[in-house]
Amino acid sequence: MEKTSVEMSSKNRTGIGMSPVDSQRMIDAAQAAPPSSSGDESALAKLDSVYIREAEPVGSVPPPGTLKGMAQATLQKLTGKHPEVLVDKLGERLAFERTGTRLYDYLINKCETASEAGSPISVDTLKRFRREEAQHFKLVAKALESLGADPTTQTPGADVSAVASSGVLQIMSDPRTSIDQSLEAILTAELVDHAGWELLIRLTSEMGLDDMANDFRTALTEEDDHLMQVRQWHEQSTLSHAGVSAI
Ligand SMILES: [Fe+2]
Ligand SMILES: [Fe+2]
């Protein structure tokens, strides 16, 4: 079945122009009832500041369960630095890559169920991307273990990034969304994914963890491909639906 992302229909009555008489009455009513209290948004910002000052952090990074697994050379490199920052970002990447495989699962199923004639998207390529996200997950788990950290820990960064990407997951799992809309959602994820790997490479290089940085460069090369391909499919598909360019 073909599912188009955009169709024209008078069922959409969300715009004010759908009923000029009612919209004028609504404007009149709003103007006739000004706010009952004085002040502006600065009072709200002031109250917010109280909460910001008093709030506990989102979470913490536990101390390493065992240093036995950590090579002596690694231990020396990290002396005087803050490896908990790296563990936090690795925990974040781990969670993101795991979610990434789910995102591709949804997209693969959507493409196989609602494939469009002449679609530029290759399901085989999507399956490869899914495999690569899973491999990246394992790579990060291994990196965490080499630092004596527990890969099953939810770090604060993992928590925050899960909240940030929850909208992407909702779009992907919604049966009503089109392939175009799903591609745009996955593009959001891939842009963050790409930046996340670049940051990890910088962080591990600066900490002198060269082997880890090299492993991560291989992952970034694959993420380059994901980002370029998803962006291209999204662009081609949108242009084609707009009737300005044939696929
Ligand atoms: Fe990824
Ligand atoms: Fe990716």
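What comes next is a walk through the structure.

How each quantity is defined
Each chain carries its own residue numbering, running from 1 in the written order of its sequence. Each chain gets a letter, beginning with A, and each ligand a number, beginning with 1, in the order they are written. In keeping with the predicted nature of the model, local features appear solely for residues at pLDDT of at least 70, side-chain atom pairs appear and are counted solely at 80 or more, and the whole-chain, interface and lining totals rest on all residues. The basis for every side-chain value is the complete set of heavy atoms in the structure, and neither hydrogens nor water enter the calculation. Axis angles are defined between N-to-C directions and span 0 to 180 degrees, where every axis is a line fitted to C-alpha atoms and, for a helix, only to the segment in contact. Only DSSP runs of H or I covering at least 4 residues are called helices, and only runs of E covering at least 2 are called strands; the numbering of each starts at the N terminus. Here the angle decides the label: under 35 degrees means roughly parallel, over 145 means roughly antiparallel, 65 to 115 means roughly perpendicular, and every other value means oblique. In a left-handed crossing the near helix is turned counterclockwise from the far helix by less than a right angle, and in a right-handed crossing that turn is clockwise. Gly is placed with the polar residues, together with every amino acid not listed as nonpolar (Ala, Val, Leu, Ile, Met, Phe, Trp, Tyr, Cys and Pro) or charged (Asp, Glu, Lys and Arg). When checking whether two residues touch, look at their non-hydrogen atoms; a contact exists if any pair is within 4.5 Å. Note that water is not among the atoms considered, so a metal site may appear incomplete; the donors listed are N, O and S atoms within 2.8 Å of the metal, with 3.2 Å applied to Na, K and Ca. The buried label goes to any residue with under 20% of its type's maximum accessible area, the exposed label to any with over 50%, and the partly exposed label to all in between, with areas taken from a 1.4 Å probe on protein chains only.

### Quick word on the packing of helix α4 (residues 83-113) against helix α8 (residues 179-206)
Piece 1. Put simply, α4 and α8 touch, their axes get as near as 10 Å, and they point 155 degrees apart. One way to sum up the angle between α4 and α8 is to call them roughly antiparallel. Along this stretch, α4 crosses α8, giving a crossing that reads as left-handed.
Piece 2. Residues belonging to the contact of α4 with α8 are distributed by class as follows: 16 nonpolar, 3 polar and 6 charged.

### Examining the packing of helix α7 (residues 166-173) against α8
Piece 1. Between α7 and α8, whose axes approach to 9 Å, the crossing angle comes to 155 degrees. Between α7 and α8, the angle falls in the class roughly antiparallel. Here α7 and α8 pass one another in a crossing that is left-handed. Contacts from Val168, Ile171 and Met172 of α7 reach α8 at Gln181, Ser182, Ala185, Ile186, Thr188 and Ala189.

### Side note on the coordination of the iron ion (ligand 2)
Piece 1. At the metal site, the iron ion (ligand 2) is ligated by Glu133 (OE), Glu190 (OE), Glu190 (OE), Glu223 (OE) and His226 (ND1), and these contacts range over 2.0 to 2.5 Å.
Piece 2. Written as a sequence motif, the donor arrangement for the iron ion (ligand 2) is E-x56-E-x32-E-x2-H.
Piece 3. The metal-metal distance between the iron ion (ligand 2) and the iron ion (ligand 1) is 3.2 Å, with glutamate 133 serving as a donor to both. In this pair, glutamate 133 sits in helix α5 (residues 123-146) while histidine 226 sits in helix α9 (residues 210-241), placing the two residues 93 residues apart along the sequence.
Piece 4. A residue is classified by how much of its surface remains accessible, and glutamate 133, at 1% relative accessible area, is buried.

Without other data, these values stay purely geometric and don't point to any function.
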